[in-house]
Amino acid sequence: MSRLAFRDLCVWFGEGEDRVDAVKNATFEVPSGASFGLVGESGSGKSTILRALMGLVPNWSGEMVVGERKLGEKRDRAFYKEVQMVFQDPYASLHPRHSVDQVLSEVLKLHGFSDIDRRVNALLADVGLGPSYRFRYPHQLSGGQRQRVAIARALAPEPSVLLLDEPTSALDVSVQAEVLNLLTDLREEHGLTYLMVSHDLAVIAHMCEATAVMQNGEIVEMLSVEEMRAMRAEHPYTRHLLESASGYNPNAEQRA
Amino acid sequence: MSEKPLLDIEDLTVTFPTRQGDFQAVRGISFTLGRERLGIVGESGSGKSMTGRAILRLIRPPGRVEAGKLELEGTDLLKLSEREMQKIRGQRISMVMQDPKFSLNPVMRIGDQIMEIYRFHTGAGKRAAYEKAIEMLEAVSIRDPERVMRAYPHEMSGGMGQRIMIAMMMVTEPDILIADEPTSALDVSVQTQVLSIMDRLVRERGMGLIFISHDLNLVASFCDRVLIMYAGKIVEVCDADRLHEARHPYTRGLLGSLPRLDEPRHHLEVLKRDPAWLDAPSVSGRQ
């Protein structure tokens, strides 16, 4: 059974002459319990695919399937109970005047849970924050701690799918390691399915079993983690990405 | 190094007064810069950007810059008047910042911005400035420099913007370029291009480059020498190509926390910060 399936997904913005095709005929599947990556440059359409799944883009065509359910124009509460998203910038995605407690209990209330007090503490424990963080405001937290709160918020409805949009690109490498380790553990504990966007191939190779490489809205190549590690890529753009993952190579420019 | 260093810094501190007392962002570091690519790496808050700004005396009061020595080829930068400092900035030492979007004037044509800098520092005429600007844009691999000269910054992509910034900073042919995370806002394909341009300028013009970055792999492969900063101090100095043999537990921890394509592991190493690092004396980066 495939958990997420995209068939011929097209997303566009604007009409007529102003029309921009952000995603063109994207087709891929993410099996249940798997972790799948989307890599590409800014503007390649990788985040747009996540936003399309969440119902955050106005125009799209093609087919998106979650579990057995084909998605229509509207998303209902049951969808958001199953699929949740963690955004890139924890400095922007948390309300500055809501405490951690407010952020988490609001989501829990919306999804109709009753034992909110116990669940808030359990969520904080899940993401490695003690109960002392419960009544703090975002400005009293470091970047890594904020991203932990954002992850706790996404976990609150007990989803089975997490969409991760560059979850560590705003963080220092040592903090990135902590957050990636947390995501690895959570996936094992809760049997989650991940669809993860990143511009960093090393991060994708660490977190995912397979990835799609995107350029100008199109998927140009699909790679398994073994192929990534062996640097086996067909498309010149993917090869360039793999090479730059190991630093600056003065000869890379001519080939790009 | 046998030749005299371009920049000689001893015991540099940057202090900001706060309600809880003075906060030292840079705590007594010493290093020299020759005609080389010197990398400064560290995490956010380690003082690496403040070091770059302090050299140009861009720390605004109430922030204070103090140093036993802050010399540009024998000239004491701390003794210069603000007006004399203006002549140093841009002409002798230039700086490229992280995001071109915030460093270019949005309501001024790119050509006018480049020409203004050149004319300010050299007193050259319009025609000469125009030709110089075109030459510099060509040097940073911009294909149609005439069109770019007439364009406004918002018409340019991030990579183009950063190349324009470099052209603008190089037009006065400075001795030192300070690049503060010059490629962090760029996509990888553009990043390689921008780096190879800077690399060429350093080699061909014998410039000194201070390359500030949080990206260890990039610094290891791009620079000649690396200073690793932690909490306002230099904890380790090493040759860039031997960064992976670094000894200090902080450097080792940073390297270990990076996911690697060639070494898969289930969990990444997590950096354990030792409070003793805070009080250990700064390592000298003087040569």
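Cut-offs applied
Each chain has its residues counted from 1, running along the sequence as written. Numbering of ligands from 1 and lettering of chains from A proceed in the order in which they are written. The predicted nature of this model means local features are confined to residues of pLDDT at least 70 and side-chain atom pairs, given and counted, to a pLDDT of 80 or more, with totals for whole chains, interfaces and linings taken over all residues. Here a helix means four or more residues in a row that DSSP labels H or I, a strand means two or more in a row labelled E, and each is numbered from the N terminus. The globule rule is 2.2 Å times the number of residues to the power 0.38, and the radius of gyration it is compared with is taken over C-alpha atoms. Three exposure classes are used, all based on how many other C-beta atoms lie within 10 Å of a residue's own C-beta (placed from the backbone): buried at 20 or more, exposed at 12 or fewer, and partly exposed between those limits. Here the contact rule is simple: place C-beta atoms from the backbone, and any two residues whose C-beta atoms are within 7 Å are in contact. Within a predicted model, pLDDT stands for the predictor's per-residue confidence, ranging from 0 to 100. Each domain's extent is set by a domain assignment, obtained either automatically or from a database. Nonpolar residues are Ala, Val, Leu, Ile, Met, Phe, Trp, Tyr, Cys and Pro. Charged residues are Asp, Glu, Lys and Arg, and all others, Gly as well, are polar. Strands were regarded as paired on the criterion that DSSP finds at least two bridges between them. A fitted line through C-alpha atoms serves as each axis, taken over the contacting stretch for helices, and the angle formed by two N-to-C directions is quoted from 0 to 180°. Arc definition: directions from the helix axis to the C-beta atoms.

S.K.: Quick question: what am I supposed to make of the overall build of chain B here?
M.R.: Helix and strand content of chain B: 11 helices and 11 strands. Relative to the compact-globule value of 19 Å for 287 residues, chain B shows a C-alpha radius of gyration of 20 Å, a close match. Expressed as lengths along the three principal axes of its C-alpha atoms, the size of chain B is roughly 60 × 50 × 45 Å. A total of 287 residues make up chain B; the buried ones form 43% of that total. Of the contacts formed within chain B by residues at least 6 apart in sequence, a portion of 68% connects residues at least 24 apart.

S.K.: Help me out: how do you make sense of the confidence of the model for chain B in this one?
M.R.: On average, residues of chain B carry a pLDDT of 89, and 99% of them reach 70 or more. Model confidence for the complex: the whole-complex pTM is 0.85, and ipTM, which rates the interface, is 0.80.

S.K.: When you look at the domain arrangement of chain B in this model, what are you seeing that I'm missing?
M.R.: One widely used convention gives an interface's size as the accessible area the parts lose upon coming together. Residues and elements named next belong to chain B. According to the domain assignment, chain B contains domain 1 (1-92 + 175-287) and domain 2 (100-173). For domain 1 versus domain 2, the distance between C-alpha centres works out to 27 Å. The partner domain 2 presents 13 residues to the 13 residues of domain 1 that form the contact. With 7 residues, helix α8 (residues 188-205) is the largest single contributor of residues to the side of domain 1 that touches domain 2. Here the residues of the side of domain 1 that touches domain 2 sort into 9 nonpolar, 3 polar and 1 charged.

S.K.: Got a minute to help me understand the sheet that holds strand β3 (residues 37-41) of chain B in this structure?
M.R.: Hydrogen bonds between backbone groups are what pair the strands of a sheet, and the pairing can be parallel or antiparallel. Residue and element names in this part refer to chain B. Spatial ordering of the open sheet is given by β7-β8-β9-β3-β10-β11, a layout of 6 strands whose pairing is mixed. Strands at the two margins of the open sheet, each flanked by one partner only, are β7 (93-96) and β11 (233-239). When the angles between neighbouring strand axes are averaged without regard to direction, this sheet yields 20 degrees. Relative to strand β9 (residues 208-213), β3 runs parallel, the two being bridged by 5 bridges. By the bridge assignment, Ile 40 is partnered in β9 with Ile 212. Its contacts with the sheet place helix α7 (residues 158-170) against β7 and β8 (176-180), and it is angled at close to 170 degrees to β7.

S.K.: Just to check I follow, could you spell out the sheet that holds strand β8 (residues 193-198) of chain A for this structure?
M.R.: Residues and elements named next belong to chain A. Judged by pairing direction, the sheet is mixed, and its 6 strands sit side by side in the order β6-β7-β8-β3-β9-β10 without closing on themselves. Every interior strand has two partners, whereas the edge strands, β6 (83-86) and β10 (218-224), have only one. Across the sheet, the mean angle from the axis of one strand to that of its neighbour is 20 degrees, orientation sign disregarded. Of the strand pairs in this sheet, strand β3 (residues 35-40) and strand β9 (residues 210-215) are connected by 5 bridges, and their pairing is parallel. Across the sheet, the residue bridging to Val 39 is Val 213, located in β9. Against the sheet, helix α6 (residues 143-155) contacts β6 and β7 (161-165), and its axis sits at roughly 170 degrees relative to β6.

S.K.: Is there a simple way to explain unusual backbone geometry in this structure?
M.R.: Trans peptide bonds make up most of the peptide bonds, and negative phi angles are found at most residues other than glycine. The step from Pro 61 of chain B to Pro 62 of chain B runs through a cis peptide bond, and the omega angle for that step is 10 degrees. Note that Pro 62 of chain B resides in the loop between α1 (48-55) and β4 (64-66). At Asn 25 of chain A, a position not held by glycine, the phi torsion is positive, near 45 degrees. Residue placement: Asn 25 of chain A occurs in strand β2 (residues 20-31). The phi dihedral of Ser 141 of chain B falls on the positive side, at around 60 degrees, and the residue is not glycine. Tracing the chain through its elements places Ser 141 of chain B in the loop between α5 (126-139) and α6 (145-150). Judged by the 14 C-beta atoms lying within 10 Å of it, Ser 141 of chain B is partly exposed.

S.K.: When you look at helix α10 (residues 249-256) of chain B in this model, what are you seeing that I'm missing?
M.R.: Side chains three or four residues apart in an α-helix point the same way, a direct result of the helix having 3.6 residues per turn. All of the buried residues in α10 of chain B are Tyr 250, Thr 251 and Leu 254 of chain B. Looking straight down α10 of chain B, one finds its buried side chains confined to an arc of 100 degrees; they lie on one side. Against the buried residues of α10 of chain B lie α7 (173-190) of chain A together with α9 (216-222), β10 (225-230), β11 and α11 (276-279) of chain B.

S.K.: Please clarify how the interface of chain B and chain A should be interpreted in this entry.
M.R.: Listed as interface residues are 32 residues of chain B and, on the opposing side, 30 residues of chain A. Mapped by element, the contributors of at least two residues to the side of chain B that touches chain A are α8, α9 and α10 of chain B.

S.K.: For this particular structure, what's the right way to read the pairing of strand β5 (residues 69-72) of chain B?
M.R.: Regular strands place their side chains on alternate faces of the sheet. Residue and element names in this part refer to chain B. Of the two faces of β5, only the one carrying Leu 70 and Leu 72 is buried; Lys 69 and Glu 71 on the other face are not. The pairing of strand β1 (residues 7-18) with β5 spans 4 bridges and is classified as antiparallel. Among the inter-strand pairings, Leu 7 is bridged to a residue of β5, identified as Leu 72. Adjacent in sequence and paired antiparallel, β5 and strand β6 (residues 75-76) are bridged by 2 residues, among which Glu 73 carries a positive phi angle near 45 degrees.

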